[in-house]
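Residue-level structure breakdown
Now for the letters of each chain:
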Amino acid sequence: MSSSDVKNLRVVVLISGSGSNLQALIDGVTHGDLPIEIAAVISNRPDVFGLTRATEAGIPTLVLDHKGFASREAFDQELMRRIDAYNPGLVVLAGFMRILTPEFTQHYQGRMLNIHPSLLPKFQGLHTHQRAIDAGESTHGVTVHFVTAELDGGPAIVQAVVPVLANDDATVLAKRVQRQEHVIYPLAVKWFAQGKLRMVDNKTELNGELLPACGYQIEANEP
Ligand code: NHR
Ligand code: GAR
């Protein structure tokens, strides 16, 4: 078998919103530097822009509205069934805003990634940019991590650090962070697709070596 016969990693992307991180992955595939096939994009919210992005890229989409389910367990069970129908090797949370049950995270253990807009373990949860400003932080950033049952607590893969500037508000700071998101998420997905990345004993291994708790650190070279 020649290398061109090797099948690309199948990826299902979960979104809840604008899908700019999804777009970064689509662009990586289009430009030929991301060896994956985005098998489907699933949103828990109808009518979000990320679904339009997927459709424009020719990717199948599905809306599974959590409001139609009696419990988190019932929603997660159906979500799992729908994802597995695409037979993915990796599940990517890209601005997905529903907390997932332990049954769900266990099922995709070691093959599900999230991008969280803070330098974890700082500022888990929501409204991270405002909280970083309010705390007087001089730096802020974003983390890609493996998803485990512990919310925003799975082992870190890669972090990008940006400065917090004197007159920043949450919107300006979020934009600075998001430019880095669009760099590090395709990078982490590429490592996984290349077989360089593994979760071992709740730690991250890259190229056969354990990473420090903060993952692989990238200093952003733009303000
Ligand atoms: N689930 C588990 N078990 N573990 C993680 O690490 C997860 C997860 C689900 C989502 C993304 C996460 C983030 O990066 C994520 C990581 C949503 C909330 C939240 O409070 C918190 C963290 C994250 C995503 N969601 C509300 C809820 O009740 C709903 C908020 C809304 O709909 O706007 O689920 O930040
Ligand atoms: C991103 O900034 C991502 O880090 C954040 O939401 C945004 C989604 O943007 N994720 C979370 O806050 C997860 N709770 P996008 O839809 O344009 O990719």
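This one's a predicted model, so the numbers in the text were calculated from it and none came from an experiment. (Residues numbered from 1 in each chain as written. Chains lettered and ligands numbered in written order. Predicted model: local features only at pLDDT ≥ 70, side-chain atom pairs only at ≥ 80, totals over all residues. Heavy atoms only, no water.)

A look at the overall build of the protein chain
A tally of regular secondary structure across the protein chain gives six helices and 11 strands. In terms of overall dimensions, the protein chain is globule-like: its C-alpha atoms have a radius of gyration of 17 Å, near the 17 Å expected for 223 residues. Taken along the three principal axes of its C-alpha coordinates, the protein chain extends 50 × 45 × 35 Å. Within the span of the protein chain, comprising 223 residues, buried residues form 47% of the whole. Contacts spanning at least 24 positions in sequence make up 64% of the contacts within the protein chain whose residues lie at least 6 apart. Total accessible area computed for the protein chain in this model is approximately 11,000 Å², and 51% of it derives from carbon and sulfur atoms. Within the protein chain, one finds 19 positive and 24 negative side-chain charges whose respective centroids are separated by 2 Å. (Helix = DSSP H or I, 4+ residues; strand = E, 2+ residues; numbered from the N terminus. Rg over C-alpha atoms; globule rule 2.2 N^0.38 Å. Buried < 20%, exposed > 50% of the residue type's maximum accessible area, 1.4 Å probe, protein only. Contact = heavy atoms within 4.5 Å. Areas by Shrake-Rupley, 256 points an atom, 1.4 Å probe, with all protein chains shown as cover. Lys, Arg positive; Asp, Glu negative; His and termini not counted. Charge placed at Lys NZ, Arg CZ, Asp CG, Glu CD.)

Details of the sheet that holds strand E1 (residues 9–15)
Strand order in the open sheet made by the eight strands is E3-E2-E1-E4-E5-E6-E7-E11, with mixed pairing throughout. Strands with a single pairing partner mark the edges of an open sheet, and in this sheet they are strand E3 (61–63) and strand E11 (216–219). The sheet shows a mean angle of 20° between the axes of neighbouring strands, taken without regard to direction. Pairing of E1 with strand E4 (residues 90–93) involves four bridges; the strand directions are parallel. Within the sheet, the bridge partner assigned to Val12 lies in E4 and is Val91. Against the sheet, helix H1 (residues 20–30) engages E1, strand E2 (36–43), E4 and strand E5 (112–116), with an angle of about 160° to E2. Across the sheet, helix H3 (residues 72–84) touches E1, E2, E3 and E4, and the angle it forms with E1 is around 145°. (Pairing = 2+ DSSP bridges. Axes fitted to C-alpha atoms, helices over the stretch in contact; angles between N-to-C directions.)

A closer look at the site of ligand 2
Within the structure, ligand 2 sits among Ser18, Gly19, Ser20, Asn21, Gly95, Met97, Ile115, Pro117, Gln178 and Glu181. In this structure, an oxygen atom belonging to ligand 2 sits 2.9 Å away from a side-chain N or O atom of Asn21. At the level of secondary structure, the elements contributing two or more residues to the shell around ligand 2 comprise H1 and helix H6 (170–193). (Near = heavy atom within 4 Å. Polar contact = N/O pair within 3.5 Å; in protein donor to acceptor, adjacent residues only side chain to side chain.)

Focus: the side chain of Thr128
Structurally, Thr128 can be placed in helix H5 (residues 128–134). On the accessibility criterion, Thr128 (3% relative accessible area) is buried. Dropping the residues within four chain positions of it, Thr128 is found in contact with His116, Pro117, Ser118, Phe123 and His140.

Observations regarding the sheet that holds strand E10 (residues 209–210)
Taken in spatial order, the three strands make up an open sheet running E8-E9-E10, and their pairing is antiparallel. Each end of this open sheet is capped by a strand with a single partner; those strands are strand E8 (197–200) and E10. The pairing of strand E9 (residues 203–206) with E10 spans two bridges and is classified as antiparallel. If you follow Glu205 over to E10, its bridge partner there is Leu210.

With respect to the pattern of salt bridges
Inspection of every chain in the model, using the stated rule, returns six salt bridges. For Arg176, the salt bridge is made with Asp168, and the minimal N-O distance between the two is 2.7 Å. When sorted by exposure, Arg176 lands in the same class as Asp168, which is buried. Glu205 is the partner of Arg198 in a salt bridge, and the nearest nitrogen-oxygen pair spans 3.0 Å. A single network of salt bridges, built from pairs that share partners, joins Glu78, Arg81 and Arg82. (Salt bridge = Lys/Arg side-chain N within 4 Å of Asp/Glu carboxyl O.)

Things to note about the environment of Ala39
Its place among the elements puts Ala39 in strand E2. Considered as a pair, Ala39 and Leu9 are 30 residues apart in the sequence and their alpha carbons are 9.3 Å apart. Leave out the neighbours within four places in its chain, and Ala39 touches Arg10, Val11, Val12, Ile59, Pro60 and Tyr86.

Topic: the pairing of E5
Counted residue by residue, E5 has five buried out of five residues, so it is predominantly covered. As paired strands, E4 and E5 are joined by three bridges and run parallel to one another. Directly across from Leu93, in E5, lies its bridge partner Asn114. With respect to chirality, the unit in which E4 leads through helix H4 (residues 102–107) into the neighbouring parallel E5 is right-handed. Relative to strand E6 (residues 139–146), E5 runs antiparallel, the two sharing four bridges. Its bridge partner lying in E6, His116 is registered against Thr143. (Right-handed = clockwise from strand over helix to strand, strands pointing away.)

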